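A structural walkthrough
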Amino acid sequence: MMKWLWELFDDPKIIEAKLLKQLLHESPELPDWSSAVQPVLTRLLTSNQIQRPMFSRVLTIPVLNALALPHSTIVLAESLVEFCRDERDQLAFVLAHEAAHIHLGHAKERSRANALATALRVNPLIGIGIRMLFDRAFSREQEFEADRVAVTLCARAGYAPQAAIAFLTRLGVFASSPGGLGQLMSTHPLLQERIAQLRAIDCMSV
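Overview of the structure. Numbers given for residues are sequential positions, taken from 1 along each chain in its written order. In keeping with the predicted nature of the model, local features appear solely for residues at pLDDT of at least 70, side-chain atom pairs appear and are counted solely at 80 or more, and the whole-chain, interface and lining totals rest on all residues. The side-chain values count all of the structure's non-hydrogen atoms but skip hydrogen atoms and water molecules.

**With respect to the side chain of H97**
Put simply, the rule reads: Strands here are runs of E lasting at least two residues and helices are runs of H or I lasting at least four, both read from the DSSP assignment and numbered beginning at the N terminus. What makes two residues a contact is simply this: any of their non-hydrogen atoms within 4.5 Å.
Structurally, H97 is set in helix 5 (residues 88–103). Once residues within four sequence positions are removed from consideration, H97 is found in contact with E143, A146, D147, A150 and R194.

Structure, rendered in structure tokens:
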């Protein structure tokens, strides 16, 4: 009992170190790529006066994805960085979106929800229920909130906020293509909802 409670409320730094170690074991880092991406992230943080240090790590993850770890690290798949080649403003939106998850505490909340679901594996139905509740409610709303914050972060840093819509549109087209990703296809309606929200707040006027 005490073990899973400790895991649930563990220090975000410790949780992140464990997660990053596992990720690096499965998908090695590309240091040169990480160094090339970091200035974009640094510009976003500096321009928005975000004091918390954050670091970008580009890994050889085969799935086109990005994720925020619970403390200070943003992990980008090599394929995603390649997808944004010559589209720096779109890459800035991706980084700003993940930075928003860290800045707003979303990443820490998700790690704790995952820890709770894992701890309750003795009763799989309860664990699955908690994960589904989080994914369908909190996670969904967090995505929308991170998008809203990200376009503001980009605008303040001098990146085109409308690049958010361009990126999500390209991502949707890619997911729908014959060589697209099944994981993205399953969330394609959410992509459309995210685009609709960004159009509603008028990215051009941010």
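**Quick notes on the pattern of salt bridges**
Threshold: Put simply, a salt bridge is a Lys or Arg side-chain nitrogen that is within 4 Å of an Asp or Glu carboxyl oxygen. Think of it in three bands: residues with accessible area under 20% of the maximum for their type are buried, residues over 50% are exposed, and the middle band is partly exposed, with areas taken using a 1.4 Å probe on protein chains only.
Under the counting rule described, the total for this entry stands at five salt bridges. For the salt bridge of R148 with E141, the shortest nitrogen-to-oxygen distance reads 3.9 Å. Judged by relative accessible area, R148 falls into the partly exposed class, the value being 32%. Residue E141 is classed as partly exposed on the basis of its relative accessible area of 42%. Salt-bridge contacts for R194 lead to E143; the nearest nitrogen and oxygen are separated by 3.9 Å. In this pair, R194 is assigned in helix 10 (residues 188–200) and E143 in helix 7 (residues 124–156), connecting sequence segments 51 residues apart. For the pair R194 and E143, one class covers both residues: buried. Each of E143, D147 and R194 takes part in one network of salt bridges that share partners.

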